[in-house]
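Observations on the three-dimensional arrangement
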Amino acid sequence: MIHIDISYDMKQVPITALYVSKIAEGYGLSPKRASMPCFVLEAIMETRMKQVHRDDPILRLDIEERKAKLMIRVTDKGLPYVLAEKERHILESGAVDRFLFEQLGADGQRLSLFYKLPSDYTAPEG
């Protein structure tokens, strides 16, 4: 699992989103398909940066491969997540294969994005 904590700094958003897309390529997604997490994460992180909790202004990204899927999770303790029409359209337009919202009570909320890995992808041993 890859774990990234991003403090409140809007300049980190595009750099982090691009980095995650490069990680997605490493998991076997084509460059075109790997650009989707970059686009989606940039929109999500920009929104969440504006709503982070002042006492815990961190966005946590977790990236892992599980059962032939790449899972990217964004967790924060900010205001409860309410999808704007634009965000819902992005998530439902095919930019992700599946997404999931989780309310974590005092631990905030988590948005998970799932990308199906190519059938010829093999996980590294270890």
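Everything here concerns the structure above.
What you see is a predicted model, and the numbers here were worked out from it, not measured in a lab. (Residues numbered from 1 in each chain as written. Predicted model: local features only at pLDDT ≥ 70, side-chain atom pairs only at ≥ 80, totals over all residues. Heavy atoms only, no water.)

Digging into the nonpolar core
If you look at the biggest cluster of nonpolar residues, it comprises 33 residues, and the most contacted ones within it are V40, L41, L70 and L113. Contributions of two or more residues to this core are made by β1 (2-7), α1 (12-26), α2 (31-49), β2 (58-66), β3 (69-76), α3 (85-92) and β5 (109-116). Per-element tally for this core: the top contributor is α2, with 7 residues. Not counting the four nearest positions on each side in its chain, L113 is found in contact with V40, L41, I44, L70, M71, I72, L91, V96, R98 and F99. (Core = buried A, V, L, I, M, F, W, Y, C linked by side-chain atoms within 4.5 Å. Buried < 20%, exposed > 50% of the residue type's maximum accessible area, 1.4 Å probe, protein only. Helix = DSSP H or I, 4+ residues; strand = E, 2+ residues; numbered from the N terminus. Contact = heavy atoms within 4.5 Å.)

A look at empty space enclosed by the protein
For the structure on display, the rule yields 1 cavity of 30 Å³ or more. Of the pockets and cavities examined, the largest cavity occupies roughly 40 Å³. Lining the largest cavity we find V40, A43, I44, Y81, L83, E87, I90 and L91. Among the elements of the structure, α2 and α3 are those that each provide at least two residues to the lining of the largest cavity. Its residues placed into classes, the lining of the largest cavity shows 7 nonpolar, no polar and 1 charged. (1 Å grid on protein atoms, 1.4 Å probe; cavity = no way out; pocket = protein on both sides within 12 Å on 5 of 7 lines; lining within 4 Å. Points joined across faces, edges and corners; volume = space filled by probe spheres on them. Nonpolar A, V, L, I, M, F, W, Y, C, P; charged D, E, K, R; others polar.)

Quick look at a positive patch on the surface
Together, K67, K69, R98 and K116 make up a positively charged patch on the protein surface. Looking at the secondary structure, you find K69 in strand β3. (Patch = residues over 30% accessible without salt bridge, like charges linked within 9 Å, V, L, I, M, F, W, Y side chains within 5 Å. Areas by Shrake-Rupley, 256 points an atom, 1.4 Å probe, with all protein chains shown as cover. Salt bridge = Lys/Arg side-chain N within 4 Å of Asp/Glu carboxyl O. Lys, Arg positive; Asp, Glu negative; His and termini not counted. Charge placed at Lys NZ, Arg CZ, Asp CG, Glu CD.)

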